[in-house]
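# Overview (structure and organization)
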Amino acid sequence: MPETFLDATELVLNMGPQHPATHGVLRVILKLDGEKVMGTECVIGYLHRGVEKIGENRSWQQFVPYVDRLDYCAAVSNGLGFCLAVEKLLNLEAPPRAQVIRVILTELQRIANHLIWLGTHALDIGAQTPLFYCFREREEILNLFEKYCGARLTNHAFRIGGLQYDLYDGFEQETRAFCDMFPAKVDDYEQLLTGNRIWVARTRGVGILSAEDCKQYGVTGPMLRAAGVKWDLRKAQPYSGYEQYDFEIPTGQNGDTFDRYVVRMQEMRQSLGIVRQAVERIPDGPIMAKVPKVIKPPVGEAYVSIEAPKGELGYFVVSDGGPQPYRVRVRPPSFVNLQALDRMAQGALVADVVAIIGTIDIVLGEVDR
Amino acid sequence: MAATPWEDHLTRSLREHFGDQISEFSTYLGQCFLAARPEAVIPVLEFLKLEVDFDYLVDVTAVDYPQRAERFELVYIVYSFARNQRLRIKTRIVDGYEPATAVGVHLTANWLEREVFDMFGIRFAGHPDLRRILLPEDWEGHPLRKDHPITRVDERWVKENLGLANAP
């Protein structure tokens, strides 16, 4: 960033770290010309807990609950990524029944994540109503999680090699009931927002990030798809049996805040479709692969990534043959996507910065680790 | 199971261009990686991006092996949307060596390299803004080095900034 702080026309405005619209403790230093943003600088790290260092000091299994606390809005997805990475090192796969249950819970988690995103993003822009609607439906998903494994947010749902718990009696019925109830709710949200003149004025053409920029900045997930790139790791490099499900990759054209909203809304519907398909084909059988009590993967390294709700979530794991990871690297989507904030906010208004932070869908627990 | 050699048209064209600057092409668990000399990394990234469509830098990270003479292993992960292929570029450097920055090739590298600097103390030559990113700027110590104990904090920083006599 050029150092022109003394230029009389330039105003430096500090936003955060304690600010309701930064979705946690994010500090953004805005350089303004009037109300126009000339540059931004993110200050992050307020939630840094040294998760990667902790990983080197825990056994492989002990580290699984920690990854839930990275992106605490999508704990199930975090756990899936790490379990898959260790399973890759061990060269084993979870049994089919476990894989289908994993898919159901991960897709429900995607819906829950997008609901939080939608509620808070709309609230930032000034629409208060959707927040309460979104949290009402999210509650239903959290209830399913709670009944399944006893926890709602950081739920440690998966284990390396499969699952700890089998489904409870009535899980299928309750999930089906959710699937029947939810589409009408998405219609409600869309009715509140999609044609809403204020919503459209605040989001269309705001925070544009082209497909080319997305690739330059390594931006993935709904942001990349909203720029028109039909890329989703569930299709590109399927894991957990995603190739068996029928679903579409929603894309946008303009890569603006409105398109990202449309993409995420459609993703909720697609995820619901996957849950519907999966719940009808849960096979019988074991839920846990043969995994030793003390996991000691052979010496080697692997990078495994999944399509988390926010983008590509990767784990680079290195084993020295011992009972603890030699190195665990988390490649978080929020951290990488946040870097594009500066590009998106150039020339925007201060009020748009709030919309742009919301549309990236960051969770600071994952940015700071 | 050990890593097995990796050989296809991509490795042939890389070998043609870079000769003995790339010492190893291997696959392990179905994942391809290559080991290059530190000064060859940026040209390799550039070649991969411009000539063979590896246009997405997924991650830059490091692993510390204090018992080795070349202490750090830098790992670059790249992906090609066109080929739907991912590969890792690895290089070994001694403590104090300053590898060239990848920001000129991929803008993503900016924050990723700052994090590597923050956690390992590896300085990237030519980086436009090499400051700590997750820890405070005047913090001392690079926590992901293996000789950094997990409980160690920068006592001076804690005392000065949090007003605590002893770090928690």
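Cut-offs used in this document
Residues numbered from 1 in each chain as written. Chains lettered and ligands numbered in written order. Predicted model: local features only at pLDDT ≥ 70, side-chain atom pairs only at ≥ 80, totals over all residues. Helix = DSSP H or I, 4+ residues; strand = E, 2+ residues; numbered from the N terminus. Buried ≥ 20, exposed ≤ 12 C-beta atoms within 10 Å, placed from the backbone. Pairing = 2+ DSSP bridges. Axes fitted to C-alpha atoms, helices over the stretch in contact; angles between N-to-C directions. Contact = placed C-beta atoms within 7 Å. Domains from an automatic or database assignment. Nonpolar A, V, L, I, M, F, W, Y, C, P; charged D, E, K, R; others polar. Core = buried A, V, L, I, M, F, W, Y, C linked by C-beta atoms within 7 Å. Expected span 1.5 Å × (residues − 1). Parallel < 35°, antiparallel > 145°, perpendicular 65-115°, else oblique.

### What about the overall build of chain B?
A tally of regular secondary structure across chain B gives four helices and six strands. For chain B, the sequential pattern of α-helices and β-strands runs β-α-β-β-α-β-β-β-α-α. In terms of principal-axis extent, the alpha carbons of chain B reach across some 60 × 35 × 25 Å. Across the 168 residues of chain B, 35% fall into the buried class.

### Describing the sheet that holds strand β1 (residues 10–15) of chain A
By way of backbone hydrogen bonds, the strands of a sheet pair with one another, either parallel or antiparallel. Residue and element names in this part refer to chain A. One open sheet accounts for three strands, arranged β1-β4-β5; its pairing is antiparallel. Each edge of the open sheet carries a strand with a single partner, namely β1 and β5 (36–43). Here the strands of the sheet are splayed against their neighbours by 20° on average, with no regard to which way each runs. Here six bridges tie β1 to strand β4 (residues 27–33), and the two strands are oriented antiparallel to one another. Looking across to β4, one finds that L13 is bridged to L30. The sheet strands contacting helix α14 (residues 350–360) are β4 and β5, and the helix crosses β4 at an angle near 145°.

### Concerning the domain arrangement of chain B
Many analyses report the size of an interface as the accessible area lost when the parts associate. Residues and elements named next belong to chain B. When cut into domains, chain B gives domain 1 (4–134) and domain 2 (138–168). Contacts between the two partners involve six residues from domain 1 and, on the opposite side, seven residues from domain 2. The residue makeup of the side of domain 1 that touches domain 2, split by class, is three nonpolar, one polar and two charged.

### Looking at the nonpolar core
Core analysis: the largest hydrophobic core is formed by 152 residues, its most contacted members being I356 of chain A together with L45, Y76 and V78 of chain B. When residues in this core are grouped by element, the largest group, 15 residues, is from helix α4 (residues 96–125) of chain A. Every residue in contact with I356 of chain A, bar those within four places of it in the chain, is listed here: V206, G207, T257, L341, M344, A345 and A348 of chain A.

### Describing the environment of Y66 of chain A
Residues and elements named next belong to chain A. On the secondary structure map, Y66 appears in helix α2 (residues 60–68). For Y66, a count of 22 C-beta atoms within 10 Å corresponds to the buried category. As for Y66 and I54, which are separated by twelve residues in sequence, their C-alpha atoms are 8.6 Å apart. Excluding its chain neighbours within four sequence positions, the residues that come into contact with Y66 are V51, I54 and G55.

### A look at the pairing of strand β2 (residues 22–28) of chain B
Residue and element names in this part refer to chain B. Pairing of strand β1 (residues 4–5) with β2, which is carried by two bridges, proceeds in the antiparallel orientation. Bridging from a neighbouring strand, P5 pairs with S26 of β2. Here six bridges tie β2 to strand β3 (residues 31–36), and the two strands are oriented antiparallel to one another. Bridged to F25 within β3 is L34.

### Digging into the interface of chain B and chain A
Of the residues lining the interface, 27 residues belong to chain B; the matching set on chain A comes to 31 residues. Of all the secondary-structure elements, those providing two or more residues to the side of chain B that touches chain A are β4 (56–64), β5 (72–80) and α3 (109–120) of chain B. A total of six residues in the side of chain B that touches chain A trace back to one element, the largest contributor, which is β4 of chain B.

### A look at the environment of P5 of chain B
All names here are of chain B. Along the chain, P5 turns up in strand β1. Residues P5 and E39, spaced 34 residues apart in sequence, show a C-alpha to C-alpha distance of 23 Å. Every residue in contact with P5, bar those within four places of it in the chain, is listed here: F25 and S26.

### Examining α2 of chain A
Each turn of an α-helix holds 3.6 residues, which means side chains three or four residues apart point in the same direction. Residues W60, F63, V64, Y66, V67 and D68 of chain A constitute the buried set of α2 of chain A. In this structure, the buried side of α2 of chain A is in contact with α1 (51–55), α3 (75–90), β6 (158–159) and β10 (327–331) of chain A.

### Points about helix α6 (residues 171–193) of chain A
Residue and element names in this part refer to chain A. When the terminal C-alpha atoms of α6 are compared, their 32 Å separation across 23 residues agrees well with the 33 Å that a helix rising 1.5 Å per residue should span. Along α6, the residues that are buried comprise T175, F178, F182, Y189 and L193. Where α6 is buried, its residues meet α4, α5 (129–149), α7 (197–203) and α11 (257–279).

### Examining the packing of α4 of chain A against α14 of chain A
Residue and element names in this part refer to chain A. Where α4 meets α14, the axes come as close as 9 Å, and the angle between the chain directions of the two elements is 175°. Comparing their axes, α14 and α4 come out roughly antiparallel. Contacts from T120, H121, D124 and I125 of α4 reach α14 at V354, A355, G358 and T359. Taken together, the residues of the contact of α4 with α14 sort by class into three nonpolar, four polar and one charged.

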